[in-house]
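Structural characterization, general
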Amino acid sequence: MSNRLFQGVIQQMKETLDRVVGVIDENGTVIACSELGRIGEVHENVMTELVGAPLLLRGGWTYKPFGSRPRPDYAIFVEGSDPVAAKYAGILAVALTSIKQYYDERYDRGNFIKNVILDNILPGDIYLKARELHLSSEVLRVVLLILVDEKNDVSVYDVVQNLFPDRQKDFIVNISENEIALVKEVRQGIETSDLDKLAHSVVDTLSSEFYTHASVGIGTIVTGVKDLARSFKEAQVALEVGKVFDIEKNIISYDNLGIARLIYQLPTTLCEMFLSEVFKKGSIDSLDQETLFTIQRFFENNLNVSETSRKLFVHRNTLVYRLEKIKKLTGLDLREFDHAIIFKVALMVKKYLVTNPDRF
């Protein structure tokens, strides 16, 4: 937001109001004032005290916050702590909020990026607006969607903003109370593993310093601005699929979803038909937890009977007996590669149906 725009409004008000009035930013620094000599002064701790408060009276000043973020972007300050000062502060807050919203919609890059990823702007207008805002169409970008499990007092927006302070290259967007999108500019040739490390730095910071548990979905890298909406949707899908198939992971990349992505996009009716064709009636439901654990370890050890029995601390013949039991129940011999693939997919489909019963 342009400080000059605020200063212009304050200057126009100077002749009308008989009080010193001004604006402080999120750090408490005076960025506009009817007394020019006060610009640059710092009103310490005011913005912190204004979080969740409609008005603050302190040190002979009346403060009124304004801005759209959970933590106020700016605050009006008016000389005095009487009802007239409060009235002036309220009027100025309404006026500057309207001006700020107009400015954001017309000139603010962050607001434009938010409209792009949420599909709130026509595709034909994206290129023209990007040129107007001097956003390069050749730059590589990726969307990371940060999901906080529980609402708490920590402003995830502020934490992420501090981790990525370059507002010319990286954009932090509030999606909901517990979702933040990071639109990150990346270099040519960056690997998925590098993005995973980037996401881990966010998750680890939130966890170790603020005791906030978060998950991150990573979309694919896109060129320019137009395809950012696709990268955002992919990040959403990554988180949703992760909840079903990789619940132990908190970093999920769309590029690494594999067959889980395909299953997630299938109609439930088709999934149910697949299970009924592959298995005898009720056979997959008859498998107990011990048997399912054995199957999981067998897959993890690449269908190697000797290695799996060693890892399970059971005799080789015991494992063979369990596999024969599975074959008798389901009709599939997991020692055969083709049968193992069918069984693996079927287990994933079953998990998907249990987790998402209402999907089409």
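These remarks concern the structure in this document. Within any chain, residue numbers begin from 1 and follow the written order of that chain's sequence. It should be noted that, the model being predicted, local features are given only for residues of pLDDT at least 70 and side-chain atom pairs only at 80 or more, the latter also being counted only at that level, while totals for whole chains, interfaces and linings use all residues. Each side-chain value is derived from all of the structure's non-hydrogen atoms; neither hydrogens nor water enter the calculation.

Describing the overall build of the chain
Each helix is a run of H or I in the DSSP string that is no shorter than four residues. Each strand is a run of E no shorter than two, and both are numbered from the N terminus. Scanning the chain for helices and strands turns up 14 helices and 11 strands. Atoms considered for the radius of gyration are the C-alpha atoms alone. The globule rule reads 2.2 Å times the number of residues to the power 0.38. Since a compact globule built from 360 residues should have a radius of gyration of about 21 Å, the 28 Å found for the chain marks it as more spread out than a globular shape. Dimensions of the chain, computed from the C-alpha atoms along their principal axes, are close to 95 × 45 × 35 Å. Summary of the burial criterion: residues with accessible area below 20% of their type's maximum are buried, those above 50% are exposed, and those between are partly exposed, where the area comes from a 1.4 Å probe applied to protein chains only. Residues classed as buried in the chain amount to 44% of the 360 residues present. The contact criterion used throughout is that any non-hydrogen atoms of two residues lie within 4.5 Å. Pairs at least 24 apart in sequence give 59% of the contacts found in the chain among residues at least 6 apart. Methods summary: accessible areas were calculated by the Shrake-Rupley approach with a probe of 1.4 Å, and residue burial reflects only the protein chains presented. When the accessible surface of the chain is summed, it comes to about 19,400 Å², and 51% of that surface belongs to carbon and sulfur atoms. The convention is simple: Lys and Arg are positive, Asp and Glu are negative, and His and the chain ends are not counted. Each charge is placed at NZ for Lys, CZ for Arg, CG for Asp and CD for Glu. The centroid of the 43 positive side-chain charges in the chain is displaced by 4 Å from the centroid of its 50 negative side-chain charges.

Focus: the packing of helix α4 (residues 109-117) against helix α8 (residues 228-245)
Fitting a line to C-alpha atoms yields each axis, with helices limited to the stretch in contact; the angle taken between N-to-C directions then spans 0 to 180 degrees. One can describe the packing of α4 onto α8 by two numbers: an axis separation of 7 Å at closest approach and a directional angle of 65 degrees. Comparing their axes, α8 and α4 come out roughly perpendicular. Between α4 and α8 lies a crossing of right-handed hand. In contact with I113, V116 and I117 of α4, α8 contributes L228, A229 and F232. Any residue that is not Ala, Val, Leu, Ile, Met, Phe, Trp, Tyr, Cys, Pro, Asp, Glu, Lys or Arg is counted as polar, Gly included; the first ten are nonpolar and the last four charged. The residue inventory of the contact of α4 with α8, partitioned by class, reads six nonpolar, no polar and no charged. The cut-offs work like this: below 35 degrees is roughly parallel, past 145 is roughly antiparallel, 65 to 115 is roughly perpendicular, and the gaps in between are oblique. In this scheme the handedness of a crossing depends on how the near helix is turned from the far one: anticlockwise by less than a right angle means left-handed, clockwise means right-handed.

Quick word on the pattern of salt bridges
When a carboxyl oxygen of Asp or Glu is within 4 Å of a side-chain nitrogen of Lys or Arg, the pair counts as a salt bridge. In this structure the tally under the stated criterion is 20 salt bridges. Linking K226 and D227 is a salt bridge whose minimum nitrogen-to-oxygen distance equals 3.5 Å.

Quick look at the packing of aromatic side chains
In summary, the pairing rule links any two rings of Phe, Tyr or Trp, Trp by its six-membered ring, whose centres are within 6.5 Å, and it sorts them by plane angle into stacked for under 30 degrees, edge-to-face for over 60 and tilted for everything else. With the rule as written, the count across this model stands at seven aromatic pairs. Look at F6 and F66: their rings are 5.7 Å apart centre to centre, the planes differ by 85 degrees, and that puts the pair in the edge-to-face class. You can see F6 sitting in helix α1 (residues 3-14) and its partner F66 sitting in strand β4 (residues 61-66), a full 60 residues away along the chain. Its relative accessible area of 0% is what places F6 among the buried residues. Judged by relative accessible area, which is 4%, F66 ranks as buried. Considering the side-chain rings of Y63 and F77, the 6.5 Å spacing of their centres and the 45 degrees angle between planes classify their relative orientation as tilted. With a gap of 14 residues between them, Y63 in strand β4 and F77 in strand β5 (residues 74-79) connect regions that are remote in the sequence. An identical accessibility class is assigned to Y63 and F77; each is buried. These aromatic residues form a ring-pair network of at least three members: F6, F66 and Y74.

A closer look at the pairing of strand β1 (residues 21-24)
Residues in a regular strand point their side chains to alternate faces of the sheet. Where burial is concerned, the two faces of β1 agree: the one with V21 and V23 and the one with G22 and I24 are both buried. Pairing between two strands requires that DSSP report at least two bridges joining them. Relative to β5, β1 runs antiparallel, the two being bridged by four bridges. Bridging from a neighbouring strand, V21 pairs with V78 of β5. When β1 meets strand β2 (residues 30-33), the two strands line up antiparallel, connected through three bridges. Pairing of I24 across the sheet is with V30, part of β2. Connecting β1 to the next strand, β2, in antiparallel fashion are five residues, including G28 with a positive phi near 85 degrees.

Points about the sheet that holds β4
The strands making up a sheet are joined through hydrogen bonds of the backbone, oriented either antiparallel or parallel. Read across the open sheet, the five strands follow the order β2-β1-β5-β4-β3; overall the sheet is antiparallel. Strands at the two margins of the open sheet, each flanked by one partner only, are β2 and β3 (56-58). Within this sheet the neighbouring strands show an average axis-to-axis angle of 25 degrees, counted without direction. Set on the sheet, α1 makes contact with β1, β2, β4 and β5; between it and β2 the angle comes to about 30 degrees.

Quick word on the side chain of T294
Its place among the elements puts T294 in helix α11 (residues 289-300). In protein, a polar contact means a hydrogen-donor-capable atom and an acceptor-capable atom, both N or O and within 3.5 Å, with residues adjacent in sequence counting only if both atoms are side-chain atoms; elsewhere, any N or O pair within 3.5 Å suffices. Among the polar contacts listed, one links the side chain of T294 to the backbone oxygen of E290, at a separation of 3.0 Å. Not counting the four nearest positions on each side in its chain, T294 is found in contact with L312, L319 and R322.

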